[in-house]
Amino acid sequence: MTVASSCYHCGLPVPEPVDFSIDILHEPRSLCCHGCLAVAQAIVDNGLDDYYRYRTEMPRTAEDLVPDELRKLELYDHPEVQKSFVREEGAHLKQASLILEGITCAACIWLNERHLKQLPGIKEASVNYASHRARISWDDSVIKLSAILAEIRKLGYQAHPFNVQQQESLRRQTRKLEFRRLAVAGLSAGQVMMLAVALYAGAAQGMEAATAALLRWFSLLMTMPAMLYSALPFYQSAWIALKRGQVNMDVPITLGLLAGFVGSLWATLQNQGVVYYDTLTMLIFFLLVTRFLERNAREKSVEAAENLLRLAPAMATRLDADGQSALVPVMELAPGDLILAKPGETIAADGMVEDGASSVDESLLTGESRPLPKAVGDKVVAGSINYQSPLTIKVTEVGENTVLAGIARLLDRAQAEKPRMAQTADRLAAWFTYVLLSVVAVAGLAWWHFNPAKLFEVVLSVLVVSCPCALSLAAPAAFAAAGSHLVKRGVLLTRGHALETLARVTHIVFDKTGTLTEGKPMLVEQHAHGALDRTQCLQLAASLEQASEHPLAQSFLKAVDKRQPQPVQGAQNLPGQGVAGTVNGIRYTLGNAALTPHLYLPTVESQPGATVVWLCDATQALATFVLADAPRPHAAELVGCLRAEGVQVSMLSGDAPEAAAWHAARLGIAQAQGGLSPERKLEELHNMQAQGAVVAMVGDGINDAPVLAGAPVSIAMGSGTQMARTSGDIVLLSENLMEILHARHMSRFTMNVIRQNFVWALAYNLVAVPVAVAGHLSPWLAALGMSVSSLVVVLNALRLR
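Since the structure is predicted, the reported quantities are computational estimates derived from the model, not experimental observations.

1. Comments concerning the confidence of the model for the protein chain
Thought 1: Across the protein chain, the average pLDDT comes to 80, with 84% of residues at 70 or higher.
Thought 2: Mean pLDDT across the secondary structure elements of the protein chain bottoms out at helix H26 (residues 722-727), with 55, and peaks at helix H22 (residues 635-644), with 93.

2. Some remarks on unusual backbone geometry
Thought 1: One non-glycine residue, Leu 25, lies in the positive phi region at around 55°.
Thought 2: By the secondary structure assignment, Leu 25 is in the loop between strand S3 (20-24) and strand S4 (27-31).

3. Quick look at the nonpolar core
Thought 1: Ranked by internal contacts, the top residues of the largest apolar core, which has 52 residues, are Ile 508, Phe 510, Leu 638, Leu 642, Ile 669, Ile 730 and Ile 740.
Thought 2: With 9 residues, the top contributor of residues to this core is helix H27 (residues 738-773).
Thought 3: Ranked by size, the runner-up nonpolar core spans 46 residues in total, among them Val 192, Tyr 235, Ala 267 and Val 462.

4. A look at the environment of Lys 342
Thought 1: Structurally, Lys 342 can be placed in the loop between strand S12 (338-341) and strand S13 (350-355).
Thought 2: C-alpha of Lys 342 to C-alpha of Tyr 387: the two residues are 45 residues apart in sequence and 8.2 Å apart in space.
Thought 3: Setting aside its immediate chain neighbours within four residues, Lys 342 contacts Asn 386 and Pro 390.

5. Comments concerning the side chain of Thr 624
Thought 1: Residue position: Thr 624 is located in strand S26 (residues 621-631).
Thought 2: Overall, Thr 624 belongs to the buried group, its relative accessible area being 0%.
Thought 3: Within polar-contact distance, the side chain of Thr 624 engages the side chain of His 529 at 2.6 Å.
Thought 4: Within polar-contact distance, the side chain of Thr 624 engages the side chain of Trp 614 at 3.3 Å.

6. A word on helix H17 (residues 476-488)
Thought 1: Between its first and last C-alpha atoms H17 spans 19 Å; for 13 residues at 1.5 Å apiece the expected length is 18 Å, and the two agree.
Thought 2: A large share of H17 lies buried, amounting to 11 of its 13 residues.
Thought 3: Along H17, the positions that sit buried rather than exposed are Ala 477, Ala 478, Phe 479, Ala 480, Ala 481, Ala 482, Gly 483, Ser 484, His 485, Leu 486 and Val 487.
Thought 4: Gly 490 occupies a position one or two residues after H17 and carries a positive phi of about 85°.

7. Focus on the sheet that holds strand S21 (residues 517-528)
Thought 1: Strand order in the open sheet formed by 6 strands is S21-S26-S25-S24-S23-S22, and the pairing between neighbours is antiparallel. Looking at the sheet topology across the chains shown, the edges are occupied by S21 and strand S22 (569-574). Ignoring which end each strand starts from, the neighbouring axes of this sheet average 15° apart.
Thought 2: Summarising the sheet, strand S25 (residues 611-616) and S26 pair through 6 bridges and their orientation is antiparallel. The residue bridging Cys 616 from the neighbouring strand is Ala 621, located in S26.

8. Notes on a nonpolar patch on the surface
Thought 1: On the surface, Tyr 200, Trp 780 and Leu 781 cluster together to form a nonpolar patch covering roughly 310 Å² of accessible area.
Thought 2: Along the chain, Trp 780 turns up in helix H28 (residues 779-797).
Thought 3: Trp 780 sits in the partly exposed class, given a relative accessible area of 36%.

9. Let's talk about the pattern of salt bridges
Thought 1: Following the criterion strictly, the structure yields 11 salt bridges and no others.
Thought 2: A salt bridge links Glu 739 to Arg 489; its shortest N-O distance comes to 3.1 Å. Residue Glu 739 is found in helix H27, and its partner Arg 489 is found in the loop between H17 and strand S19 (491-493); the two are separated by 250 residues along the sequence.
Thought 3: Counted as one network, the salt bridges with shared partners bring together Glu 88, Lys 94, Asp 140 and Lys 144.

10. Description of the packing of helix H8 (residues 209-230) against helix H10 (residues 250-270)
Thought 1: Where H8 meets H10, the axes come as close as 10 Å, and the angle between the chain directions of the two elements is 155°. Accordingly, the angle class assigned to the pair H8 and H10 is roughly antiparallel. Between H8 and H10 the crossing geometry is left-handed. Residue-level inspection shows Arg 216, Trp 217, Leu 220, Thr 223, Met 224 and Met 227 of H8 in contact with H10, the latter providing Leu 257, Phe 261, Leu 265, Thr 268 and Leu 269.
Thought 2: The residue makeup of the contact of H8 with H10, split by class, is 8 nonpolar, 2 polar and 1 charged.

11. Describing the environment of His 529
Thought 1: Residue placement: His 529 occurs in the loop between S21 and helix H20 (534-545).
Thought 2: Taking relative accessible area as the criterion, His 529 reaches 32% and is therefore assigned partly exposed.
Thought 3: Through-space distance from the C-alpha of His 529 to that of Leu 622 is 5.1 Å; in sequence the pair is 93 residues apart.
Thought 4: Sequence-distant contacts of His 529, defined by excluding residues within four places in its chain, comprise Pro 602, Ala 621, Leu 622, Ala 623 and Thr 624.

12. Thoughts on the sheet that holds strand S16 (residues 379-380)
Neighbouring strands of a sheet are bound in pairs by backbone hydrogen bonds; such pairs are parallel or else antiparallel.
Thought 1: One open sheet holds the 6 strands; their spatial order is S11-S10-S12-S18-S13-S16, and the pairing between them is antiparallel. If you trace the sheet from one side to the other, it starts and ends with strand S11 (325-329) and S16, each paired once.
Thought 2: Two strands pair when backbone bridges link them, and S13 and S16 are joined in this way by 2 bridges, in the antiparallel orientation. Paired with Met 352 across the bridge in S16 is Lys 379.

13. Overview of helix H23 (residues 657-667)
Thought 1: Every buried residue belonging to H23 is among Ala 659, Ala 660, His 663, Ala 664 and Leu 667, and all of these are buried. Looking down the long axis of H23, one finds its buried residues gathered within 130° of arc, a one-sided arrangement. Opposite the packed face of H23, turned more than 90 degrees from it, sit the exposed residues Glu 658, Ala 665 and Arg 666.
Thought 2: Packed against the buried residues of H23 are helix H19 (512-516), S21, S26, H22, strand S27 (648-652) and strand S28 (671-673).
Thought 3: Positive backbone phi, at 85°, marks Gly 668, one or two positions downstream of H23.

14. Some details on the pairing of strand S6 (residues 93-101)
Thought 1: Burial analysis of S6 places 7 of its 9 residues in the buried class, the great majority of the element.
Thought 2: The sheet contact formed by strand S5 (residues 86-88) and S6 spans 3 bridges and is antiparallel. In the sheet register, Glu 88 faces S6, and the bridge partner there is Lys 94.
Thought 3: Between S5 and S6, which pair antiparallel in sequence order, lie 4 residues; one of them, His 92, sits at a positive phi of approximately 70°.
Thought 4: With 7 bridges joining them, S6 and strand S8 (residues 133-139) adopt antiparallel strand pairing. Each bridged residue has a counterpart across the sheet, and for Gln 95 the counterpart in S8 is Ser 137.
Thought 5: Direction of pairing for S6 relative to strand S9 (residues 158-161): antiparallel, over a ladder of 4 bridges. Bridge pairing links Ile 99 to His 160 in S9.

15. As for the side chain of Asp 250
Thought 1: Among the structural elements, Asp 250 can be located in helix H10.
Thought 2: Only 2.7 Å separates the side chain of Asp 250 from the side chain of Ser 237, close enough to count as a polar contact.
Thought 3: In this structure, Asp 250 is in contact with Phe 234, Ser 237, Ala 238 and Arg 291, ignoring residues within four places of it in sequence.

Cut-offs and rules
Residues numbered from 1 in each chain as written. Predicted model: local features only at pLDDT ≥ 70, side-chain atom pairs only at ≥ 80, totals over all residues. Heavy atoms only, no water. pLDDT = per-residue confidence, 0-100. Helix = DSSP H or I, 4+ residues; strand = E, 2+ residues; numbered from the N terminus. Core = buried A, V, L, I, M, F, W, Y, C linked by side-chain atoms within 4.5 Å. Buried < 20%, exposed > 50% of the residue type's maximum accessible area, 1.4 Å probe, protein only. Contact = heavy atoms within 4.5 Å. Polar contact = N/O pair within 3.5 Å; in protein donor to acceptor, adjacent residues only side chain to side chain. Expected span 1.5 Å × (residues − 1). Pairing = 2+ DSSP bridges. Axes fitted to C-alpha atoms, helices over the stretch in contact; angles between N-to-C directions. Patch = residues over 30% accessible without salt bridge, like charges linked within 9 Å, V, L, I, M, F, W, Y side chains within 5 Å. Areas by Shrake-Rupley, 256 points an atom, 1.4 Å probe, with all protein chains shown as cover. Salt bridge = Lys/Arg side-chain N within 4 Å of Asp/Glu carboxyl O. Parallel < 35°, antiparallel > 145°, perpendicular 65-115°, else oblique. Left-handed = near helix turned anticlockwise from the far one by under 90°. Nonpolar A, V, L, I, M, F, W, Y, C, P; charged D, E, K, R; others polar. Arc of directions from axis to C-beta.

Structure follows, in structure tokens:
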């Protein structure tokens, strides 16, 4: 067997009969075996050809055959590495949150989403333009995360796990770059405007031709930084759009800039004619100012989600079996671990209090300003702050499975979905751009026949004055500002259409249990019958219940609040009847009528579905307690305000009809139905819609999920089930029901602002374009007018914050 050459990948000899080759660095290269062929193909496919260009020697070991870039990508397949940013959604189904570097426009989003969705095993891929964050779901048995990252790299973008600090660092870099471009454009515009004043004045007062020529050359020199550096994003965006066979709003801007610059350069070289350097630099500067403000408005809405993610600490105090503490990274925590939250510390993971009692601040999560009491058995969430005493917490969820991460995912989903009005604005802007280019062509032909001398000036003015920037910004800026405002109030928009649909709502349907009511038994009535007063009776009842695990026990313990229950001797739990025990030498019972059949028990009127228990000693009934599902605070106020505004309010409940009617009467709801299955609720909802109603559904449970999903717009209670929160278009994180009313007011205000923006943008173009076509608008005034129109739209939207 003879040897023909050495393997380009590993350097070993290539046997003569073997024919493995691949194009590397634009030349066919011989390889020695299938292994080298596979690795070389992977290196080329992932855009890592430079490995071959810059290597200084052949690899000495098998490990060296794979470049570091590919090996680093493979690390992301390791379960321990994935724990902090990958969420398990089912058998082999995973979801990751990634940052994409290199995103510059909507075309980048389209390219990445389209390419990823074509890959086998990819279930969903969406990229948030505002945050550059990608959510990717895939079947891990079909495709690995490292392969997905490699595919993104092929497109020329870098993807890595989402990290709030890293995202903020990237954003700061982008903001610095944009500000640098803005500063360069501003300096150029200022210098050129001073020279332009001299040129305009000199033309009227007889400036020498040599001096005018010198000023033109200086103006050209001052314009170059703005044209070549500051305006670069416009050129890139226009080029990408044209390559896709589309026309975006940067196309007329680019045409105007290039046409103005070429015409001015020609006039400078010929030393005659009009130059427009002042117009060009001023246009670039004002466009960059508007986009800088618009970007900041967009990022404010993203910051709401990232502020939540910043709440989670990086380290946690973990307790071992002997009670010894150790500081560990949060990503090392697992369900079942015990962690210690000291006063003033942020809770590191979702969990349940195992030991201790304290108050916890959840304001940044829920909008609830007052600290909430937490005791043994209560749930706590990652990101909340422990105030008073140490808490020992048993971890239930970590990483992407925490409530905090779930809220961030819902915010991502809302920001990734474009509202219908924003989509309409984009279509209108695209249509307007085509019309504008047609108008420019017609105007150019007309002026070519009537007055060729003004042709260039008119075409430039029309291109500049009528950019559809204001139309494109009219809706997104308003929705971003409104979303940022609402999330601070504990109202989370999870769907793009939520605000605009809520503004049109005519009918609001409430579930009862857990929505209008607390969803758990509470002490609603108390009557004392013997020598002890109500406070003493309640203290005794709470003392008897302190060792019980029955749901009613918590009602008594919460009713006494911070007062310490008395010690009980001989405590007994009597299933189906109640509890008994001795306090201060006297034996007491607390339970239903079956517990003390030999005693006279006073009767009281109670609401349907209520539980009545009696506190007794050996001879008499001392007190009667009524426990029932109580209305939430502000429930009646919310219903009254909605009805006063002309909104019809209904209740659809799965609870007993009598209980539904009783609560509806006390809350002022005229239309109420009980005993409904999820299917019947959905049927009733469809009946309302068939009659022309725009319905908002408010619910909290698993049985509400179908009707929440079927409503035009739905509001899920944040305290409800995961299924309900996922189905809701809006999630109410706060316990304050009046935030529903505020969200409705905000939605209507938002739509009014968007309509104002549309009217302004359309009116401006309807006036400015004919004036420019008629030749009555100079290019510098056109640049100023277009920039001001966009600025007005953004500033009007910022009122929503």
